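Commentary on secondary and tertiary structure
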Amino acid sequence: MSAGAVIDLRSDTLTKPTAAMRRAMAEAEVGDDVYGEDPTVAVLEERVAALFGKEAALFTPTGSMANVLAVASVVAPGQEVLCESRAHIVRAELGAHGALTGITSRTWVHPDGQIDLPTIQEMYAPDMGMYFVRTTAVSVENTHNFAGGAVLPLEDLRALRAWASDVGIAVHLDGARIWNAHVATGTPLAAYGAVADVLAVCLSKGLGAPVGSLMVGSADAVAEARVRRKRLGGGMRQVGILAAAGLHALDHHVERMAEDHEHARLIAEACGVDPANVPTNIVVIDVGSAPDFVAAAADHGIRVGAVGPRRVRLLTHLDVTREDAETAAKVLGSLLG
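For the structure given in this document, a descriptive report is provided here.

Cut-offs used in this document
Residues numbered from 1 in each chain as written. Predicted model: local features only at pLDDT ≥ 70, side-chain atom pairs only at ≥ 80, totals over all residues. Heavy atoms only, no water. Axes fitted to C-alpha atoms, helices over the stretch in contact; angles between N-to-C directions. Helix = DSSP H or I, 4+ residues; strand = E, 2+ residues; numbered from the N terminus. Left-handed = near helix turned anticlockwise from the far one by under 90°. Contact = heavy atoms within 4.5 Å. Nonpolar A, V, L, I, M, F, W, Y, C, P; charged D, E, K, R; others polar. Phe/Tyr/Trp six-rings, centres within 6.5 Å; stacked < 30°, edge-to-face > 60°. Buried < 20%, exposed > 50% of the residue type's maximum accessible area, 1.4 Å probe, protein only. Lys NZ or Arg CZ within 6 Å of the ring centre and 35° of its normal. Pairing = 2+ DSSP bridges. Parallel < 35°, antiparallel > 145°, perpendicular 65-115°, else oblique. Disulfide = S-S within 2.5 Å.

**Quick word on the packing of helix 2 (residues 39-51) against helix 11 (residues 240-252)**
With their axes 8 Å apart at the nearest point, helix 2 and helix 11 run at an angle of 35° to one another. Read as a crossing pair, helix 2 and helix 11 show a hand that is left-handed. In this structure, helix 2 contributes Thr40, Val41, Val43, Leu44, Arg47, Val48 and Leu51 to the contact, and helix 11 contributes Gly240, Ala243, Ala244, Gly246, Leu247, Leu250 and Asp251. For the contact of helix 2 with helix 11, the class distribution of residues is nine nonpolar, three polar and two charged.

As structure tokens, then:
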């Protein structure tokens, strides 16, 4: 690390577009997407829908908007979605689902952010008339951000899907980092698509695009979401410039995520975290005082983020080299030592 350089591990959203990505953006063919006339957006939406085996997809400026639109497509105002207690949709989207679409939620607790099907089955509330809130969807997050990038096993997702189909409710998959799960396990993206009615997937985390997510689902759900997106202020004009970045990322930045996972395990081991418990690019470390540790790391040129009073989180990404990871491992390990 050169003098004055900073290794920023606070998030995998911190990446900057590569020179090749910038060229792709500059050369993108564009049109007015509110009119449905941006050809590059159309290519991106069709490609992502096909990857997950779905009929359609909708480009959105943020992952939170993609999640709000996706959940709203399967949960009506006054109905509820069930999810794990640390899920992004209830912890990190500023109450958007309740505030904007009028839905409610209840949560189960799992130390590793996993599906707990017996508990979900016990929580499930069928339509019992006007006096009770009805469960209409279960939301799962893969990988699970605040559970240290945990991957949800495909067999658990399939079991949830089978039960949900039997009782007539939907499954929403928050796949902001589904690409990491795909690379870590080799599970085809279409297999992940098959276990959910609707998904939200992100381009601006591990894939390294500057902006953008997509809601993925049926043609009817996406058509309805297109109207909601406009109502939320998410209609975009010549946005093919941004869609081109996503297409470039899909072509060039998926398989390389294995390097991020390797770098995360390297840092984890130096910090006393079992690398076997770091399946993807997120490391969560227990410390005496998160604010003190964050400040001490910053003094040594390493940026990490607090996710609790005594817990910090770090993420490896496109802009973190092997040398950066080794330096971070040495510095953070010494601070913990």
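**Some remarks on the packing of aromatic side chains**
Remark: the centre distance and the inter-plane angle together describe each pair of aromatic rings, the angle taken between the planes. Applying the stated rule across the entire model yields two aromatic pairs. Both rings, one in phenylalanine 52 and one in tryptophan 179, keep their centres 5.6 Å apart while their planes meet at 70°; by these two values the pair is edge-to-face. Of this pair, phenylalanine 52 sits in the loop between helix 2 and strand 2 (56-60) while tryptophan 179 sits in helix 8 (residues 178-185); the two residues are 127 residues apart in sequence, bridging distant segments of the chain. Residue classification places phenylalanine 52 among the buried residues on the basis of a relative accessible area of 1%. Its end group placed over the ring of phenylalanine 146, arginine 91 keeps NZ or CZ at 4.3 Å from the ring centre.

**Some words on unusual backbone geometry**
Between asparagine 142 and threonine 143 the backbone carries a cis peptide bond, its omega angle lying at 0°. Along the chain, the position of threonine 143 falls in the loop between strand 5 (135-141) and helix 7 (154-167). At leucine 94, a residue that is not glycine, the phi angle is positive and equals roughly 55°. Along the chain, leucine 94 falls in the loop between helix 4 (88-91) and helix 5 (96-101).

**Some words on the sheet that holds strand 8 (residues 213-217)**
Strand order in the open sheet formed by seven strands is 2-8-7-6-5-3-4, with mixed pairing between adjacent strands. Each edge of the sheet is formed by a strand with only one pairing partner; in this case those strands are strand 2 and strand 4 (104-108). Each strand of the sheet is rotated relative to its neighbour by a mean of 20°, with strand direction disregarded. Bridging between strand 3 (residues 80-84) and strand 4 involves five bridges; their strand directions are parallel. Directly across from valine 81, in strand 4, lies its bridge partner serine 105.

**Notes on the sheet that holds strand 12 (residues 311-315)**
The antiparallel open sheet is built from three strands, whose spatial order is 9-12-11. Unpaired on one side and paired on the other, strand 9 (282-286) and strand 11 (305-308) mark the two borders of the sheet. Across the sheet, the mean angle separating the axes of adjacent strands is 35° when strand polarity is ignored. Where strand 11 and strand 12 come together, three bridges link them in antiparallel fashion. Looking at the pairing, alanine 306 lines up with valine 312 of strand 12.

**Digging into the packing of helix 8 against helix 12 (residues 257-270)**
Each packed pair of helices is defined by two parameters, the angle between the axes and the distance between the axes. Orientation of helix 8 relative to helix 12, taken along the N-to-C sense of each, is 85°, at an axis distance of 9 Å. Taken as axis vectors, helix 8 and helix 12 run roughly perpendicular relative to one another. Facing helix 8, whose interface residues are Trp179, Asn180, Val183 and Ala184, helix 12 presents Met257, Ala258 and His261. Of the residues that constitute the contact of helix 8 with helix 12, the class distribution is five nonpolar, two polar and no charged.

**Some details on the state of the cysteines**
With the rule as written, the count across this model stands at zero disulfides. In this structure cysteine 202 is not part of a disulfide, and its nearest cysteine sulfur, from cysteine 83, lies 19 Å away. A relative accessible area of 3% places cysteine 202 in the buried class.

**Looking at the environment of serine 64**
Secondary-structure assignment places serine 64 in helix 3 (residues 63-72). With 28 residues separating them along the chain, serine 64 and alanine 92 place their C-alpha atoms 8.6 Å apart. With residues near it in sequence (within four places) discarded, serine 64 still touches His88 and Glu93.

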